[in-house]
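So you can see what is in the structure, the chains are spelled out below.
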Amino acid sequence: MEEKEEVKTFNDLRSEVVDRNLCGKCGGCYSFCSAGKLNALEMGENDLPEYSDEEKCLKCGICYLICPQINALNDELKARFGWKPPIGFYQHISSARTTDQNVINVCTDGGVVTSLLLHLLDQNLIEGAIVSKKKGPFAREPIIALTRDDIIAAAGSQYTESFHLEELGGQYNTYSPILPEVKSLERKYLRNIAVVGTPCQINTIKKMQCLGILPAHMVEYTIGLFCIENFSFNDLTKKRLEKRLDIELSDIQKLNIKDDFIITLNNGIMVHVPLEEVDMVARPACLACSDFANEYADISVGGLGSLDGYTTTVVRTDKGAALFRNALNQGYIEEAVYRNADERKIEKTKMLAKIAAFSTRKRLRAEQRLKTEGVDHDES
Ligand SMILES: Cc1cc2nc3c(=O)[nH]c(=O)nc-3n(C[C@H](O)[C@H](O)[C@H](O)COP(=O)(O)OP(=O)(O)OC[C@H]3O[C@@H](n4cnc5c(N)ncnc54)[C@H](O)[C@@H]3O)c2cc1C
């Protein structure tokens, strides 16, 4: 008689996530598999995880628990971080920007992320940071930045068409797979690092920390990006997108997302596209994700709610609060200046309202998506 399975295993992950086209291809299950050395799992066709040898599976359930699409640890996370609706626990919200001209030249919004990392490195509070460096059109690849130059080189959201699609595996993809990079820390002589990531990525790291899975203990600081969705498309969908937007992608110099999708063209003109227009190339996994404001990061950041040139900064944990305060006191960043206390209060209320609205919108979209079985768009 076959032994009864008492824990959720990769079989459950496959039926609940992979088979329902909800897998974000983050590589977390494969990278942190307890039977990794035995090669129980592999990243198979189309970068989806699969058993390479089911017999080798230790049935420990780690792959299942740390998957960002699985909610089994959510109550524990919420309790740990004192989660509150609608945007998670936070201590304060601020509109801030870097004071460093080198960062201003390359950053996405206000350069707060890059300046916080530079501050941590300069103060020896971290030995490095996992950031994502430009690799090609829409594509970024994770690196462990060990120097100021590495950190600055990974800033921003500039766009370049100088790569051939074949070099990118036949796909344009804004998602940067940082979790395998976290795994690689095991082989490096580093103690404290910072990680910059999307909500799904920070969520997995926090779940690993809850469970005590190594090397998540090396992640001392998490800076979480707001994220409505990542995009992924091939040559065919690229043409459809170009037709819909009436723009050649090779004309794009910079991309950003705030209230809408903002395209800066090579000639300097800015085009605002409603987010619904680009949903056609959103990754299916993102449409089932309910975290917009990176609710478990030490500090969460986005452009939404701030004037151009500023980063909306949500300080959540005590560690995040100390980091923000020290970076401010030591002149790495500065806060937006308001005419008076009343204006300050109103601007902060507006910022919070926008983050709350986007958080609710993403949560409702995920609920809707999870009700719908089947595929919204084929990533391949
Ligand atoms: C995929 C994606 C979706 C986003 N969606 C929204 C949104 O809907 N609304 C909103 O307000 N803001 C969104 N943001 C955040 C916003 O674009 C800025 O990153 C944020 O405001 C910080 O700006 P900054 O100038 O302080 O950062 P910078 O100083 O320019 O630093 C940016 C940091 O982000 C890292 N990074 C860049 N791309 C990626 C990636 N794909 N994955 C992981 N890390 C990356 C860089 O390595 C760098 O460390 C999104 C970001 C990404 C990457």
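Scroll up for the structure.
What counts, and at which threshold
- Residues numbered from 1 in each chain as written.
- Predicted model: local features only at pLDDT ≥ 70, side-chain atom pairs only at ≥ 80, totals over all residues.
- Heavy atoms only, no water.
- Helix = DSSP H or I, 4+ residues; strand = E, 2+ residues; numbered from the N terminus.
- Buried < 20%, exposed > 50% of the residue type's maximum accessible area, 1.4 Å probe, protein only.
- Phe/Tyr/Trp six-rings, centres within 6.5 Å; stacked < 30°, edge-to-face > 60°.
- Lys NZ or Arg CZ within 6 Å of the ring centre and 35° of its normal.
- Core = buried A, V, L, I, M, F, W, Y, C linked by side-chain atoms within 4.5 Å.
- Contact = heavy atoms within 4.5 Å.
- Polar contact = N/O pair within 3.5 Å; in protein donor to acceptor, adjacent residues only side chain to side chain.
- Axes fitted to C-alpha atoms, helices over the stretch in contact; angles between N-to-C directions.
- Parallel < 35°, antiparallel > 145°, perpendicular 65-115°, else oblique.
- Nonpolar A, V, L, I, M, F, W, Y, C, P; charged D, E, K, R; others polar.
- Expected span 1.5 Å × (residues − 1).
- 1 Å grid on protein atoms, 1.4 Å probe; cavity = no way out; pocket = protein on both sides within 12 Å on 5 of 7 lines; lining within 4 Å.
- Points joined across faces, edges and corners; volume = space filled by probe spheres on them.
- Domains from an automatic or database assignment.
- Salt bridge = Lys/Arg side-chain N within 4 Å of Asp/Glu carboxyl O.

**Q** Teacher, can you tell me more about the side chain of Thr198 here?
**A** Looking at the secondary structure, you find Thr198 in the loop between β7 (193-197) and α9 (199-211). For Thr198, a relative accessible area of 11% gives the class buried.

**Q** Would you take a moment to explain the packing of aromatic side chains for this structure?
**A** Describing an aromatic ring pair means giving the distance of the ring centres and the angle of the ring planes. For the structure on display, the rule yields five aromatic pairs. An angle of 40 degrees between the planes, with centres 5.4 Å apart, marks the rings of Phe292 and Phe358 as tilted. Taken together, the positions of Phe292 in the loop between α12 (284-287) and β13 (299-302) and Phe358 in helix α14 (residues 341-371) put the pair 66 residues apart, joining distant regions of the chain. Both residues of the pair, Phe292 and Phe358, belong to the buried class. Taken together, Phe226, Phe292 and Phe358 form an aromatic cluster joined through their ring pairs. The ring of Trp83 carries Lys78 above its face, with NZ or CZ at 4.4 Å from the centroid. Lying over the aromatic face of Tyr221, Lys319 brings its terminal NZ or CZ to 5.6 Å of the ring centre.

**Q** Would you take a moment to explain the nonpolar core for this structure?
**A** One broad rule of soluble globular proteins: the nonpolar side chains tend to lie buried together. Formed by 32 residues in total, the largest nonpolar core has its most connected members in Phe233, Phe261, Ile263, Phe292 and Ile355. Sorting the residues of this core by element identifies α10 (235-245), β10 (252-257), β11 (261-265), α11 (275-278) and α14 as the ones contributing at least two each. Here the element with the most residues in this core is α14; it accounts for four residues. Discounting residues that sit within four places of it in the chain, Ile263 has contacts with Leu245, Ile247, Ile252, Lys254, Leu255, Ile269, Met270, Val271 and Val273.

**Q** Where do I start with the side chain of Asn256 in this structure?
**A** Secondary-structure assignment places Asn256 in strand β10. Side chain to side chain, Asn256 and Asp109 meet in a polar contact 2.6 Å long. In this structure Asn256 touches Thr108, Asp109, Phe261 and Ile262, once residues within four positions along its chain are discounted.

**Q** Even after reading the chapter, I still don't get the packing of helix α6 (residues 112-122) against helix α13 (residues 318-329), so can you show me in this structure?
**A** For any two helices packed against each other, one specifies the crossing angle of their axes together with the interaxial distance. The contact between α6 and α13 brings their axes to 10 Å, and the two run at 90 degrees. One element, α6, and the other, α13, form an angle in the roughly perpendicular class. Residues Leu116, His119 and Leu120 of α6 touch α13, and the partners they reach there are Leu323, Phe324, Asn326 and Ala327. When grouped by side-chain class, the residues that make up the contact of α6 with α13 number five nonpolar, two polar and no charged.

**Q** Help me understand α9 in this model?
**A** Residues spaced three or four apart along an α-helix point in a common direction, a consequence of the helix completing one turn every 3.6 residues. Compared with an ideal rise of 1.5 Å per residue, which puts 13 residues at 18 Å, α9 spans 18 Å between its outermost C-alpha atoms and is within 8% of the ideal. The buried fraction of α9 amounts to 10 of the 13 residues, a majority that puts the element mostly inside the structure. Those residues of α9 that are buried lie in contact with α3 (62-66), α4 (74-81), α8 (179-184), β7 and β8 (219-225). Taken from the residues just after α9, Gly212 is the one with a positive phi, measuring 75 degrees.

**Q** I'm lost on empty space enclosed by the protein in this one. Help?
**A** Any empty space left between the atoms is revealed when a probe the size of a water molecule rolls over them. Summed over all chains, the structure comprises four cavities of 30 Å³ or more. Its volume calculated, the largest cavity comes out at about 1000 Å³. Thr108, Arg140, Gly156, Ser157 and Leu225 are, among the 47 residues lining the largest cavity, the residues nearest its centre. For the lining of the largest cavity, the secondary-structure elements that each account for two or more residues are α6, β4 (128-136), β5 (139-145), β7, β10 and β13.

**Q** How should I be thinking about the packing of α4 against α9 in this particular structure?
**A** Here α4 crosses α9 at 85 degrees, and the two axes come no closer than 10 Å. By the angle class used here, α4 and α9 are roughly perpendicular. Each of Asn74, Glu76, Leu77, Arg80 and Phe81 in α4 lies in contact with α9, whose residues at this interface are Asn203, Lys206, Lys207, Gln209 and Cys210.

**Q** Explain the layout of surface pockets here, please?
**A** Estimates place the volume of the largest pocket at around 670 Å³. Every residue lining the largest pocket is counted, 35 residues in all, and those nearest its centre are Pro68, Asn71, Ala288, Cys289 and Ser290. Grouping the amino acids of the lining of the largest pocket by side-chain chemistry returns 17 nonpolar, eight polar and 10 charged. When residues are assigned to domains, the lining of the largest pocket turns out to be shared by domain 1 (10-66) and domain 2 (74-371), each giving three or more.

**Q** Could you clarify how one ought to interpret the pattern of salt bridges in this entry?
**A** Opposite charge on two side chains permits them to pair, given that their charged atoms come into close proximity. On inspection of all chains with the given rule, the structure shows 14 salt bridges. Notably, a salt bridge pairs Lys258 with Asp308, separated by 3.0 Å at the nearest N-O pair. Here Asp308 lies in the loop between β13 and β14 (311-315) and Lys258 lies in the loop between β10 and β11, a separation of 50 residues in the sequence. For Lys258, a relative accessible area of 8% gives the class buried. Given a relative accessible area of 59%, Asp308 falls into the exposed group.

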